[in-house]
Amino acid sequence: MRTVEMGNSIKIFKTGDQLSYFFAEKIVIGIQQTPQGNHYSIALSGGSTPRKVFEYIAVHFKTKIDWSKVFVFWSDERCVDPGSDESNFRMAKESLLDMVSIPPDNIFRIYGENDPDVEADRYSETVRCHVSLQRDVPQFDLMMLGLGDDGHTVSIFPGYLPLFNSTKLCEVAENPYSKQKRITVTGQIINHAKTVVFLVTGASKAEMVYRIIEKKDGWEKLPAALVKPEDGELLWLLDEQAANKLSPNSKYNDE
Ligand code: 6PG
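Only a predicted model underlies this, so the values are computations on that prediction, with no experimental measurement involved.

Participant: Just to check I follow, could you spell out the pairing of strand 12 (residues 233-239) for this structure?
Facilitator: Burial within strand 12 is extensive, with six of its seven residues counted as buried. By the bridge criterion, four bridges tie strand 2 (residues 10-13) to strand 12 in an arrangement that is parallel. Considered in strand 12, the bridge of Ile10 is made with Trp236. Pairing analysis gives six bridges linking strand 11 (residues 195-200) to strand 12, with the strands arranged parallel. The residue of strand 12 that forms the bridge with Val200 is Leu238. Since strand 11 and strand 12 lie parallel, the crossover through helix 7 (residues 206-213) that links them has a hand, and here it is right-handed.

Right, here's the structure in full:
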């Protein structure tokens, strides 16, 4: 692993397993630092990179993580049934949650099968009730994010930036390509988290990683570029392919 400290840190890994190990260790340490009686709240993301991380954790951290102390949420969900092969819940369930001893009551899925407007409000309340509040806003311990080839993150796509800046905790979003409705957390929640981690692998992401981290070519219009934790830590976990276009000494300043 090559660590290239750039303000909010960027860590570049040779393999996906090394990236997954680092991410899992952050969860272990975070749980250890969670006061007795409290839960460690994590929002999971969908996507192929998160899936690989879940599969790794299910094998190598099955017993290293005290799952009874973890509250699992989602940062976004497609408006589909939980059994759909497009469901982020189903993906996490099959790649991780079914393989570890997490109490069912610790899992707070987004009801993709519900009316989207109703569900956005319901999930906002669910998060507000089960995630510690800081200045009256739910503060996740760990927010896991993926990065789309187009610069989207969670389910906020280019052209839909007002969703990121919504005053609501969750909004109804739309995949502009498929027109599929989605439920997504907003910047209200993302930028309030203690730790926000982008997990990004593969050559197809290199251009977006470069534009966002080095602030190039219309970066400010990319939803992922709006991720700037107010007080928390922003961490980019990249493999070498995704980091391929970064200049060796690029700095990532979180103004
Ligand atoms: C989703 C995710 C989305 C995903 C990115 C990256 O529901 O699809 O929330 O934001 O994380 O599209 O996905 P890949 O890792 O598959 O490219």
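The discussion continues.
Participant: Just checking my understanding: could you explain the site of the ligand for this structure?
Facilitator: Within the structure, the ligand sits among 16 residues, and Ser48, Asp76, Arg78, Val154 and Lys205 are positioned closest to it. Note that an oxygen atom of the ligand is positioned 3.3 Å from one of the backbone N or O atoms of Thr49. With respect to the ligand, the side chain of Arg78 contributes an N or O atom lying 2.8 Å from an oxygen atom. For the ligand, whose free accessible area comes to 420 Å², the fraction covered by protein is 87%. Counting atoms within 2 Å of the grid points, the majority share of the ligand lands in the second largest pocket.

Participant: Please clarify how the layout of surface pockets should be interpreted in this entry.
Facilitator: Left-over empty space is what a probe sized like a water molecule reveals as it rolls over the atoms. Empty space within the largest pocket amounts to approximately 380 Å³. Residue lining of the largest pocket: 22 residues in total, with Gly30, Thr34, Tyr40, Asp141 and Lys194 positioned closest to the centre. Those elements giving two or more residues to the lining of the largest pocket turn out to be helix 1 (16-32), strand 3 (40-44) and strand 6 (133-134). With three residues, the single largest contributor to the lining of the largest pocket is helix 1. Here the lining of the largest pocket is built from residues that sort into seven nonpolar, eleven polar and four charged. Together, 20 residues line the second largest pocket, and Gly46, Gly47, Gly146, Leu147 and His152 are the ones closest to its centre. If one sorts the elements of the lining of the second largest pocket by residue count, helix 2 (residues 48-60) sits on top with three residues. Classifying every residue of the lining of the second largest pocket by side-chain character gives five nonpolar, eleven polar and four charged.

Participant: Got a minute to help me understand the packing of aromatic side chains in this structure?
Facilitator: To describe a pair of aromatic rings, you give the distance between the ring centres and the angle between the ring planes. This model, assessed by the stated rule, comprises ten aromatic pairs. Judged by centre distance (6.5 Å) and plane angle (65°), the ring pair of Phe73 and Tyr123 falls under edge-to-face. Remark: Tyr123 occurs in helix 4 (residues 116-130) and Phe73 occurs in strand 4 (residues 70-74); sequence separation between them is 50 residues. When sorted by exposure, Phe73 lands in the same class as Tyr123, which is buried. An angle of 85° between the planes, with centres 5.2 Å apart, marks the rings of Phe73 and Phe140 as edge-to-face. Of the two residues, Phe73 sits in strand 4 while Phe140 sits in the loop between strand 7 (137-138) and strand 8 (142-145), which places them 67 residues apart along the sequence. By relative accessible area, Phe140 is classed as buried at 1%. Here a set of aromatic residues connected by ring pairs shows up, and it is made of Phe71, Phe73, Phe108, Tyr123 and Phe140.

What counts, and where the lines are drawn
- Residues numbered from 1 in each chain as written.
- Predicted model: local features only at pLDDT ≥ 70, side-chain atom pairs only at ≥ 80, totals over all residues.
- Heavy atoms only, no water.
- Buried < 20%, exposed > 50% of the residue type's maximum accessible area, 1.4 Å probe, protein only.
- Helix = DSSP H or I, 4+ residues; strand = E, 2+ residues; numbered from the N terminus.
- Pairing = 2+ DSSP bridges.
- Right-handed = clockwise from strand over helix to strand, strands pointing away.
- Near = heavy atom within 4 Å.
- Polar contact = N/O pair within 3.5 Å; in protein donor to acceptor, adjacent residues only side chain to side chain.
- Areas by Shrake-Rupley, 256 points an atom, 1.4 Å probe, with all protein chains shown as cover.
- 1 Å grid on protein atoms, 1.4 Å probe; cavity = no way out; pocket = protein on both sides within 12 Å on 5 of 7 lines; lining within 4 Å.
- Sits in = over half its atoms within 2 Å of the grid points.
- Points joined across faces, edges and corners; volume = space filled by probe spheres on them.
- Nonpolar A, V, L, I, M, F, W, Y, C, P; charged D, E, K, R; others polar.
- Phe/Tyr/Trp six-rings, centres within 6.5 Å; stacked < 30°, edge-to-face > 60°.

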